[in-house]
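# Geometric and topological summary
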Amino acid sequence: MSSFIIYPAIDIRGGKCVRLIQGDYNQETVYNDSPLAAAKAWEAQGGAYIHLVDLDGAKAGHPVNDEVIGAIASGVNVPVQVGGGLRTLADVKRLLSLGVSRVIIGTAAIEDRAFTEEVLGTYGDKVAIGIDARNGYVATRGWLETSEVKAEELAKELAAKGAETFIFTDISRDGMMQGPNVDAIVALAKGSGRTVIASGGVSVLDDLIRLHEYRNEGVGGAIVGKALYTGSIDLAEAVNTLK
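Residues numbered from 1 in each chain as written. Predicted model: local features only at pLDDT ≥ 70, side-chain atom pairs only at ≥ 80, totals over all residues. Heavy atoms only, no water.

Put simply, the rule reads: UniProt positions are given in the numbering used here, feature names are shortened, and annotations may be inferred rather than shown by experiment.
What the UniProt record of the protein chain gives under Sequence similarities (unreviewed entry) is the line "Belongs to the HisA/HisF family." According to UniProt, the comment filed for the protein chain under the heading Subcellular location (unreviewed entry) is "Cytoplasm".

## Topic: the pattern of salt bridges
Rules: Within this document, salt bridges are pairs made up of a side-chain nitrogen of Lys or Arg and a carboxyl oxygen of Asp or Glu, the two lying within 4 Å of each other. Numbering of helices and strands starts at the N terminus; helices are DSSP runs of H or I of at least 4 residues and strands are runs of E of at least 2.
For the structure shown, the criterion picks out seven salt bridges. A salt bridge links Asp-33 to Lys-16, with the shortest nitrogen-to-oxygen separation between them at 3.7 Å. Of this pair, Asp-33 sits in the loop between β3 (24–32) and α1 (35–44) while Lys-16 sits in strand β2 (residues 16–21), and the two are 17 residues apart along the sequence. Glu-117 serves as the salt-bridge partner of Lys-161, at 4.0 Å between the closest nitrogen and oxygen. Of the two residues, Lys-161 is situated in the loop between α7 (151–160) and β10 (165–170) and Glu-117 in helix α6 (residues 113–123); the sequence distance between them amounts to 44 residues. Where salt bridges share partners, they join Asp-66, Asp-91 and Arg-94 into one cluster.

## Some thoughts on the packing of α7 against helix α8 (residues 182–192)
Convention followed: Interaxial angles span 0 to 180 degrees and are taken between N-to-C directions of axes, which are lines fitted to C-alpha atoms, for helices over the stretch in contact. Two helices that cross are described as forming a left-handed crossing if the nearer one is turned anticlockwise from the farther one by less than a right angle, and a right-handed crossing if clockwise. Here, two residues are considered to be in contact whenever any of their heavy atoms come within 4.5 Å of each other. Note on residue categories: nonpolar means Ala, Val, Leu, Ile, Met, Phe, Trp, Tyr, Cys or Pro, charged means Asp, Glu, Lys or Arg, and polar means any other residue, Gly included.
Remark: α7 packs on α8, axes separated minimally by 9 Å, with the N-to-C direction vectors making an angle of 35 degrees. You can see that α7 and α8 cross each other, and the crossing is right-handed. On α8, the residues that touch Ala-151, Glu-152, Ala-155, Lys-156 and Ala-159 of α7 are Ala-187, Leu-188, Gly-191 and Ser-192. Classifying every residue of the contact of α7 with α8 by side-chain character gives five nonpolar, two polar and two charged.

## Regarding the layout of surface pockets
In this approach, a probe sized like a water molecule rolls over the atoms, and the result shows the empty space that is left. Using the following cut-off: Lining residues are defined by having an atom within 4 Å of a point belonging to a cavity or pocket. Those points lie on a 1 Å grid over the protein atoms alone, cavities being sets where a 1.4 Å probe fits but cannot get out and pockets being open sets with protein on both sides within 12 Å along at least five of seven lines. Grid points are joined across faces, edges and corners, and a volume is the space filled by probe spheres set on the points.
In this structure, the largest pocket encloses a volume near 240 Å³. Ala-133, Asn-135, Gly-136, Phe-168 and Ala-184 are, among the 15 residues lining the largest pocket, the residues nearest its centre. Each residue belonging to the lining of the largest pocket can be placed in one class, and the counts come to six nonpolar, four polar and five charged. If you trace the second largest pocket, you find 14 residues lining it, with Ser-3, Ile-5, Tyr-7, Thr-195 and Gly-220 closest to the centre. Elements that contribute at least two residues to the lining of the second largest pocket include exactly β1 (5–13), β11 (195–199) and β12 (219–224). Considering only residue class, the lining of the second largest pocket consists of four nonpolar, seven polar and three charged.

## Focus: the packing of aromatic side chains
The cut-off we apply is this: Whether two aromatic rings pair depends on their centres lying within 6.5 Å, for rings of Phe, Tyr and Trp, where Trp uses its six-membered ring; planes under 30 degrees apart make the pair stacked, over 60 edge-to-face, and the rest tilted. The buried label goes to any residue with under 20% of its type's maximum accessible area, the exposed label to any with over 50%, and the partly exposed label to all in between, with areas taken from a 1.4 Å probe on protein chains only.
Taken as a whole, this structure holds three aromatic pairs when the rule is applied. Both rings, one in Trp-42 and one in Tyr-229, keep their centres 5.3 Å apart while their planes meet at 85 degrees; by these two values the pair is edge-to-face. Here Tyr-229 lies in helix α10 (residues 226–230) and Trp-42 lies in helix α1, a separation of 187 residues in the sequence. For the pair shown, Trp-42 and Tyr-229 are each scored as buried. A network of ring pairs unites the aromatic residues Tyr-31, Trp-42 and Tyr-229 as a single cluster.

## Focus on the side chain of His-51
Tracing the backbone shows His-51 in strand β4 (residues 50–54). Note on His-51: relative accessible area 7%, which makes it buried. Apart from the residues lying within four places of it in its own chain, the contact partners of His-51 are Tyr-7, Pro-8, Ala-9, Ile-10, Gln-81, Ile-104, Ile-167 and Ile-223.

## Side note on the nonpolar core
In plain terms, the rule: Put simply, buried Ala, Val, Leu, Ile, Met, Phe, Trp, Tyr and Cys residues joined by side-chain atoms within 4.5 Å make one nonpolar core.
Residues Ile-10, Ile-105, Ile-129, Phe-166 and Leu-208 are the most contacted members of the largest nonpolar core, which totals 63 residues. In this structure Phe-166 touches Ile-129, Ile-131, Ala-155, Leu-158, Ala-159, Leu-188, Ser-192, Arg-194, Thr-195, Val-196 and Ile-197, once residues within four positions along its chain are discounted. If you look at the next biggest cluster of nonpolar residues, it comprises eight residues, including Tyr-7, Tyr-49, Ile-167 and Ile-223.

## Section: the UniProt feature "active site" (unreviewed entry) in the protein chain
The sites that carry the UniProt feature "active site" (unreviewed entry) are, in the present numbering, Asp-11 and Asp-132. With respect to the element layout, Asp-11 can be found in strand β1. The class of Asp-11 is buried, set by a relative accessible area of 9%. Excluding residues that lie within four positions of it along the chain, Asp-11 makes contacts with Lys-16, Cys-17, Val-18, Arg-19, Val-53 and Leu-55. In this fold, Asp-132 is placed in strand β7 (residues 127–134).

## Brief notes about the pairing of strand β6 (residues 102–105)
Just so we agree on the cut-off: By the criterion used throughout, a crossover qualifies as right-handed when its path from the first strand across the helix to the second strand runs clockwise, the strands pointing away from the viewer. Any two strands with at least two DSSP bridges between them are considered paired.
Every second residue of β6 is oriented toward a common face, with Arg-102 and Ile-104 on one face and Val-103 and Ile-105 on the other, all of them buried. Handedness of the β-α-β unit built from strand β5 (residues 80–83), helix α4 (residues 89–97) and β6 comes out right-handed. Judged from the three bridges that link them, β6 and β7 form a sheet pairing that is parallel. Bridge pairing links Ile-105 to Ile-129 in β7.

If you want it as structure tokens, here you go:
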């Protein structure tokens, strides 16, 4: 039986825990002045793995909130994964040295294939590839641009280069509380033959139960953000339900 992990999401901007709607920096809600306090709260409720996004880093093209990320990685007893602006080997190495368990490569997976392959070759399973798609095509630079590369094609290519884990976001569902695009998530898992973590759109417990049904077909978990902060999903209840 394959495992299925719920990843509470903490989006960091200006050192605070925020949420954006569909990646729009003008549509921001601050949920906690302390991302570390948020991380500890999710761990206490059964969160087995924390998902961090450095929103400032995604925009700047290099990690910005190292201090906050390091404090979280050392302040909780569960693994932490981080994405947002990772485009050099030095940035990846630095974040891993802060105690981060896994880094997420997003935009660079499209724009800098040599770097992506080098990171996969060097760090292997400590790297997840974030694939954010709009209408099936990969979006880059904090979703500001859409490429001409199909999500499934990118996943197959990078799986062949050593990628073990993909994080798939259907941008149209993110922050909209409309449920995840289960068909696209399962198709990516089957097409790549690798583990896919669902992101975007998980809004009620039933969404997690639906995704959990595909855990033996490569769906290894789900990142949950807004639904946890608004209370429409209770993390402890969800963890217990999916045991």
